[in-house]
Each structure stands twice: as C-alpha cells, then as structure tokens.
Amino acid sequence: MGIKNNVTEFVLFGLFQSRKMQHVCFVVFSLFHVLTVLGNLLVIITINASKTLRAPMYFFLSHLSFADVCYPSATTPKMIADTLVERKTISFSGCMSQLFSAHFFGGTEIFLLTAMAYDRYVAICRPLHYTTIMDRRKCGLLAGASWVAGFLHSILQTLLTVQLPFCGPNEIDNFFCDVHPLLKLACADTYVVGLIVVANGGMISLVSFIILIISYVVILWNLRSRSSESRHKALSTCGSHIITVLLVLVPPMFMYIRPSTTLAADKLVILFNIVMPPLLNPLIYTLRNNEVKNAMKKLFRVKGSLGEK
C-alpha cells in the first residue's frame, strides 16, 4: 500500500493570535530582516572588495554571512506576510521546501562555525605552519564540506518527514514548518523517526558545541605564553566566535536534542535562533574587528569619491 496522504496544505498558527501583536510583529521583523540582509551583504561586499581582508578567517566569514542572508530568508518573509492575513496556510510542497531550506542553511552555519574555529586554532596554536596548513585549497575544501554537510543534514530531515502519512488534522502551532510539529501531525508511529531526528539534529548541535568549546579552551590555554598585545588580539577574535557559537548552537540543542515533543517555548526559541544570530553577526564581527571596520571605511570613501566625479 502507498502512503496515505490527505493533506495538501497546512494551517500555521503564527506567533500571536492578537491582531495588534501581529501588526507589531510585521513592523519589527520587517525591520530586522532588512537590517539582516543589508548588514550581511555589506560584510560580503567589503571582504570581496578589500585587498587587506584576504586571510582565511574572512573567507569563512563571507560564507557565514551568505548563510546568514539565506537562513532567515527561508522563513521570515512568509512569517511577515502571514501577519497581514487571517488564515495562514502553506502548501504541502511549500512546507517541505521551507523545512529543507531552514535546516540546510542553519546546518551549514553550524559547520562553518566549526571550520572557523579550526582556522583560529591553527592560527594561534601553530602560527609557524598557518599559511601552509590553511592554504586556499584547504579553505575551499572546508567551506565546501560545510555546505555539503548542511545539505546532507537537511535532506535527511526532509526525506524522513516527507515520507510520513498525513491524514489530518493539518494545523501547525508554529510560524513555519519544522520537524517536531510535523511529526506530531503524522498519522503513524514516529518514534524511530524522532530518534533519527534527535541524532541528526540535536546530536550534531551538541557535538559541534563540545568540539567548539574544547577548541577555544585549548586556544585560551596556549595564549598564556603570548605577549599581552597578541593575547588581546586573539581574545578579541575568539570572543566574537564564542558569542556567535552560543547564539547559534544553544537554541538548536534545546529544540532537537530531546524526543519528538513540542513545548510552549519552542516558537520563541527557534524564532530567536532564526532572527538574532544573522542580525547580530555583522555587528559582532565588525565592531570588534578593526581590520573589517577600516576596510568598510575605505570602501565608503572610494564610493564617495566616485560619486563626486
């Protein structure tokens, strides 16, 4: 027998039922999304236009910024548009596409952070071999592997979900299509699928978090013997990474490391994960980095001089 699927669309409950709160969400999240896209595009343009930002760290940062443009764009525009309508629906194929896109870019972001941590480890703990180890080919392989790993993570989540039978009801108490709410709607035993979701989602976040924390502990330990100037520069860079790691990895660990259940706080936790890290990353990596700030100032000066001609 084939998969019985009577559901052609899903109804999303959104963030709030109050029309007043939905109007507030429209204004706030529209502003946040525009700032996120502009901020990350500015970082990408600055890195690619500047001759001084050629270090591997900035290569990975440009990839992270691109992922930070795409990740919220998979869900936020739909969420913003839904604040203007009474009945919020999404087609079955649109739901699966949203699920795939969100996990693809979100997963890639995690793997890119791991690659960036490895780059900082080599730069600080093996400085004499840094240019040899982190050559252009190695950086390209690490970035490519991050995107491939994000794709594999996402395609597994999507395939596990799309093959489930959905017979009704079709109401999702969330603002986008995610794994746990969809497993709750499936008219089949999802225990095994739920365990695979935990292994594929929660454990990836947890293992990545442990690896990243250990790497930064090793980095900080190696800084003891450095000069105060070297320590300050390394701590400034690593501080930015650690803040981003906490913002990016703590919410997915809360969401996906537990069995397939939905909690009242889930919507706000995943909303924070989708909106805040991509919004704050340009600020985190520019306000604490003089090289990026100087490159941006130079870029604006060049554009200003071209505009005057």
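Residues numbered from 1 in each chain as written. Predicted model: local features only at pLDDT ≥ 70, side-chain atom pairs only at ≥ 80, totals over all residues. Heavy atoms only, no water.

**Description of the side chain of Asn289**
Residue placement: Asn289 occurs in the loop between helix H10 (266-287) and helix H11 (290-308). Of the residues examined, Asn289 reaches a relative accessible area of 13% and is grouped as buried. Side chain to side chain, Asn289 and Tyr58 meet in a polar contact 3.2 Å long. In contact with Asn289, not counting residues within four places along its chain, are Met57 and Tyr58. (Helix = DSSP H or I, 4+ residues; strand = E, 2+ residues; numbered from the N terminus. Buried < 20%, exposed > 50% of the residue type's maximum accessible area, 1.4 Å probe, protein only. Polar contact = N/O pair within 3.5 Å; in protein donor to acceptor, adjacent residues only side chain to side chain. Contact = heavy atoms within 4.5 Å.)

**Comments concerning the packing of helix H9 (residues 228-256) against H10**
Close contact between H9 and H10 brings their axes to 9 Å; oriented N to C, the two are set at 165°. Looking at the two axes, H9 sits roughly antiparallel to H10. Note on packing geometry: the crossing formed by H9 with H10 is left-handed. From H9, Ser240, His241, Ile243, Thr244, Leu247, Val248, Pro251, Pro252, Phe254, Met255 and Tyr256 reach across to H10, where they touch Asp266, Val269, Ile270, Phe272, Asn273, Pro277, Leu280, Asn281, Ile284 and Tyr285. Looking at side-chain class alone, the contact of H9 with H10 contains 15 nonpolar, five polar and one charged residues. (Axes fitted to C-alpha atoms, helices over the stretch in contact; angles between N-to-C directions. Parallel < 35°, antiparallel > 145°, perpendicular 65-115°, else oblique. Left-handed = near helix turned anticlockwise from the far one by under 90°. Nonpolar A, V, L, I, M, F, W, Y, C, P; charged D, E, K, R; others polar.)

**Re the UniProt feature "domain: G-protein coupled receptors family 1 profile" (unreviewed entry) in the chain**
Here, UniProt's "domain: G-protein coupled receptors family 1 profile" (unreviewed entry) annotation points to residues 39-285. The distance from the first to the last C-alpha atom of residues 39-285 is 11 Å, and the span holds 77% helix and 2% strand. (UniProt positions renumbered as here; feature names shortened; annotations may be inferred.)

**A look at a nonpolar patch on the surface**
On the surface, a nonpolar cluster with roughly 610 Å² of combined accessible area is contributed by Phe16, Met21, Val24, Phe26, Val27, Val28, Leu84 and Val85. Secondary-structure assignment places Phe16 in the loop between strand S1 (9-12) and helix H1 (19-49). Overall, the relative accessible area of 32% leaves Phe16 in the partly exposed class. (Patch = residues over 30% accessible without salt bridge, like charges linked within 9 Å, V, L, I, M, F, W, Y side chains within 5 Å. Areas by Shrake-Rupley, 256 points an atom, 1.4 Å probe, with all protein chains shown as cover. Salt bridge = Lys/Arg side-chain N within 4 Å of Asp/Glu carboxyl O.)

**With respect to a positive patch on the surface**
Together, Lys51, Arg54, Arg136, Lys297, Lys298 and Arg301 make up a region of like positive charge exposed at the surface. Top element by residues in the positive patch is H11. It accounts for three residues. For Arg301, the location among the structural elements is in helix H11. (Lys, Arg positive; Asp, Glu negative; His and termini not counted. Charge placed at Lys NZ, Arg CZ, Asp CG, Glu CD.)

**What about empty space enclosed by the protein?**
One pass over the structure, following the stated rule, counts four cavities of 30 Å³ or more. Roughly 210 Å³ of internal volume is contained in the largest cavity. Surrounding the largest cavity, 20 residues form its lining, Tyr71, His103, Gly106, Gly107 and Tyr256 being those nearest its centre. Contributions of two or more residues to the lining of the largest cavity are made by helix H4 (92-125), helix H8 (191-222), H9 and H10. Residue contributions to the lining of the largest cavity peak at six residues, all from H4. Looking at the lining of the largest cavity residue by residue, the classes come out as ten nonpolar, eight polar and two charged. In this model, the second largest cavity occupies a volume close to 100 Å³. Along the walls of the second largest cavity sit Gly14, Leu15, Phe16, Gln22, Cys25, Phe29, Met79, Ile80, Asp82, Thr83, Lys88 and Phe175, which together make up its complete lining. Looking at the lining of the second largest cavity, the elements with two or more residues in it are H1 and helix H3 (76-82). Among the residues making up the lining of the second largest cavity, the classes are represented as seven nonpolar, three polar and two charged. (1 Å grid on protein atoms, 1.4 Å probe; cavity = no way out; pocket = protein on both sides within 12 Å on 5 of 7 lines; lining within 4 Å. Points joined across faces, edges and corners; volume = space filled by probe spheres on them.)

**Remarks on H8**
A rise of 1.5 Å per residue sets the reference length of H8, with its 32 residues, at 46 Å; its end C-alpha atoms lie 45 Å apart and thus fit the reference within 8%. Bending of H8 peaks at approximately 35° at the position of Met203. (Expected span 1.5 Å × (residues − 1). Bend = angle between axes of the 7 residues up to and from the residue.)

**Considerations on the layout of surface pockets**
Taken as a whole, the largest pocket spans an internal volume of roughly 600 Å³. If you go around the largest pocket, you meet 22 residues; those closest to its centre are Arg120, Lys233, Ala234, Thr237 and Glu291. Sorting the residues of the lining of the largest pocket by element identifies helix H2 (56-73), H4, H9 and H11 as the ones contributing at least two each. Among the elements that make up the lining of the largest pocket, the one with the highest residue count is H9 (seven residues). Considered class by class, the residues forming the lining of the largest pocket number ten nonpolar, six polar and six charged. Ile47, Asn48, Leu53, Arg54, Ala55, Pro56, Tyr58, Phe59, Ser62, Arg136, Cys139 and Gly140 are the residues that line the second largest pocket. Elements with a minimum of two residues in the lining of the second largest pocket: H1, H2 and helix H6 (136-162). By residue number, the principal contributor to the lining of the second largest pocket is H2, which donates four residues. Residue classes in the lining of the second largest pocket are distributed as seven nonpolar, three polar and two charged.

**Side note on the sheet that holds strand S3 (residues 171-172)**
The strand order across the open sheet formed by three strands is S2-S1-S3, and the pairing between neighbours is mixed. Across the chains shown, the open sheet's two edge strands, defined by having one partner strand only, are strand S2 (88-91) and S3. Bridge count between S1 and S2: four bridges; the pairing is antiparallel. Across the sheet, the residue bridging to Val11 is Thr89, located in S2. (Pairing = 2+ DSSP bridges.)

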